[in-house]
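Observations on chain architecture
Spelled out, the chains give:
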Amino acid sequence: MTASAIPGLAPQAAAAVAQLKPAHFELERIIRPNILSLAPYRCARDDYQSGILLDANENSLGHSLPGASQASGSGSNGAGAGAASLTASPAAAAAIDALGLNRYPDPSLFGVKPTLARLRGLPSEDHVMLGVGSDEVLDLLQRITCRPGQDKIMICPPTYGMYSVCAAVNDVQVVKVPLKTAGGDFGLDVPQILKTLASTPDIRLLFLCSPGNPTGTLLPLDAVREILEFPDWSGLVVVDEAYIDFAEEELRLGKRAEQPSATSLLSEYKNVVVTQTLSKAFGLAAIRLGICYGSPALIQIINNTKAPYNISVPTAHLASLALSPEGLDLMRSNVRLLMENRDELIAGLKQLQCTGEILGANDANFVLVQVLDKARADGGRPSGERAEMCYKRMAEERGLVVRNRSKELGCAGCLRITVGTKEENAKCLELMAELLG
Ligand SMILES: Cc1ncc(COP(=O)(O)O)c(C=O)c1O
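Residues numbered from 1 in each chain as written. Predicted model: local features only at pLDDT ≥ 70, side-chain atom pairs only at ≥ 80, totals over all residues. Heavy atoms only, no water.

So the rule is basically this: UniProt positions are given in the numbering used here, feature names are shortened, and annotations may be inferred rather than shown by experiment.
The protein goes by histidinol-phosphate transaminase in an unreviewed UniProt entry, where it is assigned to Tilletiopsis washingtonensis. Per UniProt, the comment on the protein under Cofactor (unreviewed entry) is "pyridoxal 5'-phosphate". Word for word, the UniProt comment on the protein under Sequence similarities (unreviewed entry) is "Belongs to the class-II pyridoxal-phosphate-dependent aminotransferase family."

1. Overview of unusual backbone geometry
Using the following cut-off: Secondary structure elements follow DSSP: runs of H or I of four or more residues count as helices, runs of E of two or more count as strands, with numbering from the N terminus.
The peptide bond linking serine 210 to proline 211 adopts the cis configuration, its omega dihedral lying at -10 degrees. By the element assignment, proline 211 lies in the loop between β4 (203-209) and α9 (221-229). With an omega of 15 degrees, the peptide bond between asparagine 213 and proline 214 qualifies as cis. Position of proline 214 relative to the elements: it lies in the loop between β4 and α9.

2. A short note on the site of the ligand
What counts is decided by this rule: A molecule or strand has a residue near it when one of that residue's heavy atoms lies within 4 Å. Residue burial considers only the protein chains on display, and all accessible areas are found by Shrake-Rupley using a 1.4 Å probe.
What surrounds the ligand is a group of 13 residues, the closest being Ser134, Asp240, Thr277, Ser279 and Lys280. Its free accessible area being 400 Å², the ligand has 92% of it covered by the protein chains.

3. What to know about the sheet that holds strand β10 (residues 403-404)
Put simply, the rule is: Two strands qualify as a pair provided that DSSP identifies no fewer than 2 bridges between them. The contact definition used throughout considers only heavy atoms, calling two residues in contact when any of these lie within 4.5 Å. Each axis is a line fitted through C-alpha atoms, and for a helix only the stretch in contact is used; angles between axes span 0 to 180 degrees, taken between their N-to-C directions.
Strand order in this open sheet of four strands is β8-β9-β11-β10, and the pairing throughout is antiparallel. Unpaired on one side and paired on the other, β8 (355-359) and β10 mark the two borders of the sheet. Pairing of β8 with strand β9 (residues 366-371) involves three bridges; the strand directions are antiparallel. In the sheet register, isoleucine 358 faces β9, and the bridge partner there is valine 369. Each of β8, β9 and β11 (414-418) is contacted by helix α13 (residues 325-351), which is oriented at about 5 degrees to β9, the strand it contacts most.

4. Considerations on the nonpolar core
Spelled out, the test is: Take the buried residues of types Ala, Val, Leu, Ile, Met, Phe, Trp, Tyr and Cys, join any two whose side-chain atoms come within 4.5 Å, and each joined set is a nonpolar core. Buried means the residue's accessible area, taken with a 1.4 Å probe over protein chains only, is under 20% of the maximum for its type, while exposed means over 50%, and partly exposed covers the values in between. Here the bounds of each domain stem from an automatic or database domain assignment.
Of all hydrophobic cores here, the largest spans 63 residues; its most connected members are Leu188, Leu206 and Ile227. Of the residues forming this core, the biggest block, five residues, is contributed by α9. Counting the residues that make up this core, at least three belong to each of domain 1 (3-43 + 105-323) and domain 3 (335-436). Filtering out sequence-adjacent residues up to four positions away, isoleucine 227 remains in contact with Leu188, Val190, Ile193, Leu194, Leu197, Leu206, Leu208, Trp233 and Val237. In this structure, Leu9, Ile31, Val172 and Ile302 belong to the second largest nonpolar core, which totals 35 residues.

5. So, the side chain of asparagine 362
Turning to its location among the elements, asparagine 362 is positioned in the loop between β8 and β9. Among the residues examined, asparagine 362 registers a relative accessible area of 15% and is labelled buried. Contacts of asparagine 362, omitting those with residues within four sequence positions, involve Thr215, Gly216, Arg342, Ile346 and Val367.

6. As for the packing of aromatic side chains
Heads up, the rule is: Aromatic rings from Phe, Tyr and Trp, with only the six-membered ring used for Trp, were paired whenever their centres fell within 6.5 Å, and each pair was classed as stacked if the ring planes differed by under 30 degrees, edge-to-face if by over 60, and tilted otherwise. Only when the NZ atom of a Lys or the CZ atom of an Arg is both within 6 Å of the ring centre and within 35 degrees of the ring normal do we say a charge sits over the ring.
Applying the stated rule across the entire model yields five aromatic pairs. With a centroid separation of 4.6 Å and an interplanar angle of 20 degrees, the aromatic rings of tyrosine 104 and tyrosine 309 are classed as stacked. Pair noted here: tyrosine 104 is in the loop between α4 (90-98) and α5 (112-119) and tyrosine 309 is in the loop between α11 (296-305) and α12 (313-322), with a separation of 205 residues, a long-range link. Looking at tyrosine 104, the relative accessible area reads 40%, which means it is partly exposed. The partly exposed category is assigned to tyrosine 309, whose relative accessible area is 30%. Arranged with centres 4.7 Å apart and planes meeting at 15 degrees, the rings of tyrosine 163 and phenylalanine 207 form a pair that is stacked. Residue tyrosine 163 is located in helix α7 (residues 162-169), and its partner phenylalanine 207 is located in strand β4; the two are separated by 44 residues in the primary sequence. A residue is classified by how much of its surface remains accessible, and phenylalanine 207, at 1% relative accessible area, is buried. The structure contains a cluster of three or more aromatic residues connected by ring pairs, namely Tyr41, Tyr104 and Tyr309. In this structure, arginine 416 packs its charged tip against the face of phenylalanine 366, placed 5.6 Å from the ring centre.

7. Side note on the pairing of strand β5 (residues 236-240)
Quick reminder of the rule: Every crossover in which the path from the first strand over the helix to the second runs clockwise, viewed with the strands pointing away from the viewer, is termed right-handed.
In terms of burial, β5 is a largely internal element, five of the five residues being buried. Neither face of β5 is exposed, since Leu236, Val238 and Asp240 on one face and Val237 and Val239 on the opposite face are all buried. Where β4 meets β5, five bridges bridge the pair, whose relative direction is parallel. The partner of phenylalanine 207 across the bridge, within β5, is valine 238. One crossover worth recording links β4 to the parallel β5 by way of α9, and it is right-handed. Of the pairings in the sheet, the one linking β5 to strand β6 (residues 272-277) comprises four bridges and is parallel in character. Within β6, the residue paired with valine 238 across the bridge is valine 273.

Rendered as structure tokens:
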């Protein structure tokens, strides 16, 4: 099957993808045959969106949210008087009604996809797929490429845990090439990655996390490029950029010279795919909106595979507000404040006697810090036991929860602390000083 034969893919889009590098990569060879032949889900609503809608077995009476009025045309559901009110005010009730919650989501999703394409400098929404968080996208990427019980993915630990969880769910083996952990650098070991890719059959995907979790280190695009160009492996590179907006803001502020996001590689390469999310810099973890940027051919295949209507109307509506000019301004000013708070948190951690190195590059909204067995001045060494003690006592006795990462490769004795408000950070520093002495 050629790209033009991917069901739902426009011939011009297929032709454009064919022009991209590298010549040794053929998408159809890494997609499972049963997936490649899937046609996009179609329903009557794709052709007719208005009128009396009796096509999709929705509820013609409207939604059943207590306390919200019913928008004209939705009919009354009889709920209301006496029912506990979910809505704070008539304005909120009207806003809920305006969403038309009794209907399946309109495929246009309030224009979220074209807005995201513009935001990342991509030519059209054909390069964008939306998922229920980027976790759904990370799983779908494995499902469309890896044959259960046969194929493999590669990861570079320490890294985000969901790549391996999805692999276990999909019965996919995991090959590991660690990041360079010496000195807490956490850069990619490109020679070892290439050697392993060339010598291990059936690796379909390489997951790179940039900035890394828990490392906070942004990966240089030159290293990604080297892997994309490598002729002895013909799989797909997935760059997970959940935290990219922190580095993007530094670029905008002139604090960083190089383009941080691998979305800039999509105009050149067809063997790269980038995942992002509204859960971090946008502060919208609750709405579960993840994004996949890739070639139109790959995006079409993922769209053919995902469940219909995976993105809810409230999610799409809130995402469209977040992506409006005012929303982007707010996101960026929050990112700047978090970066300032991050610097203060790092400075505070360095003042403590009981902490060692801050590992990684701090390119995201968290800090990875070593807990020592005794004071730094007395030659303290990273201690997993003390990190665990500090983690548990902070959570159980003082109600402040961080993450113990001390069992992760290269992270001995490390806590990962999400950058909080100034007050939260001050509290965290105070408790660490108290509990660690
Ligand atoms: C590196 C990385 N990727 C993906 C995710 C998942 O993000 P989402 O909320 O979009 O599913 C996380 C969440 O912590 C993460 O750290």
